[in-house]
Amino acid sequence: LTYNLFKKMKWGLMYKSIDLFNQKYPKSKNKDFNEFLKLNSLLKERYINGKTSPTKEIIEQFKLFTETSDNQLFNLAITRYLLAHYAENKNTSMVLELATNLYVLARDNYYPEILTNSLEFILSSLSQKGDIDKIKKLLKDKDVKKFLPTLRVKEFEIYALLEKDKSERIILDEKDSK
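Residues numbered from 1 in each chain as written. Predicted model: local features only at pLDDT ≥ 70, side-chain atom pairs only at ≥ 80, totals over all residues. Heavy atoms only, no water.

Help me understand helix H4 (residues 56-68), please; the structure alone is not making it clear to me.
Note that an α-helix has 3.6 residues per turn; residues three or four places apart therefore point the same way. Under the 1.5 Å per step criterion, the end-to-end length of H4 is 18 Å for 13 residues, consistent within 8% with the ideal 18 Å. Turning to H4, its buried residues number three or more, namely Ile58, Ile59, Phe62 and Phe65. Looking straight down H4, one finds its buried side chains confined to an arc of 120°; they lie on one side. Structural note: H4 exposes Lys56, Glu57, Glu67 and Thr68 on the side pointing more than 90 degrees away from its buried face. For H4, the secondary structure elements touched by its buried residues are helix H3 (31-48) and helix H5 (72-88). (Helix = DSSP H or I, 4+ residues; strand = E, 2+ residues; numbered from the N terminus. Expected span 1.5 Å × (residues − 1). Buried < 20%, exposed > 50% of the residue type's maximum accessible area, 1.4 Å probe, protein only. Arc of directions from axis to C-beta. Contact = heavy atoms within 4.5 Å.)

I keep staring at the packing of aromatic side chains and nothing clicks. Help me out?
Given two aromatic rings, their pairing is described by the distance between the two centres and the angle made by the two planes. Scanning all chains against the criterion turns up six aromatic pairs. Here Phe21 and Tyr25 contribute two aromatic rings whose centre-to-centre distance is 5.1 Å and whose plane-to-plane angle is 50°, an arrangement assigned as tilted. With 6.5 Å between their ring centres and 55° between their planes, Tyr110 and Phe147 make a pair best called tilted. Taken as a pair, Tyr110 in the loop between helix H6 (92-109) and helix H7 (112-129) and Phe147 in helix H9 (residues 142-147) lie far apart in primary sequence, 37 residues in all. Exposure remark for Phe147: the relative accessible area of 15% places this residue in the buried category. By the ring-pair criterion, three or more aromatic residues cluster together here, those being Phe33, Phe36, Phe65 and Phe74. (Phe/Tyr/Trp six-rings, centres within 6.5 Å; stacked < 30°, edge-to-face > 60°.)

Teacher, can you tell me more about the nonpolar core here?
Counting residues in hydrophobic clusters, the biggest one holds 39 residues, and the most contacted among them are Phe62, Ile78, Ile122, Leu123 and Val144. Mapped onto this core, the elements with two or more residues apiece are H3, H4, H5, H6, H7, helix H8 (132-139), H9 and helix H10 (150-163). Top contributing element to this core by residue count: H6, with nine residues. In this structure Ile78 touches Phe36, Leu39, Phe62, Phe65 and Thr66, once residues within four positions along its chain are discounted. (Core = buried A, V, L, I, M, F, W, Y, C linked by side-chain atoms within 4.5 Å.)

Teacher, can you tell me more about the side chain of Thr92 here?
Its place among the elements puts Thr92 in helix H6. Its relative accessible area of 18% is what places Thr92 among the buried residues.

This is how it looks when you write it as structure tokens:
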């Protein structure tokens, strides 16, 4: 019933249906699914009305959901959405935090594509911050070597050095490696 109301975009009826369901079955396994539908309906309503970015309240509700939900698939989906949102808004510290969370979720549940994507976000954030030491430490990790091509890893190292205006070090490092 709830999903059909969601598809028909009858948000009020859907919310009421979810509330009644939660009252009758407070410990249901569908609680996460119902909350996920509620959150998606908030976003969908904004998009229908031409507002393509979420409000701060919606973002906070998403964060709260990822902290309280036990459903890994829903957590992955929402974390990926939040990651894209913060990357678009160039909030490097939140991108780094969410990419790290996503990396852990993907590693624990073995999603190689998501793992690779989260590693790139982590390295990109560290590069933008110019944190060369953390990049080098991360590059020693076996998962990074396994899932990211060597050339891609080198790109992040060079970008970090350029961000810190250390282009001489790039040339010196290249000479040392030959």
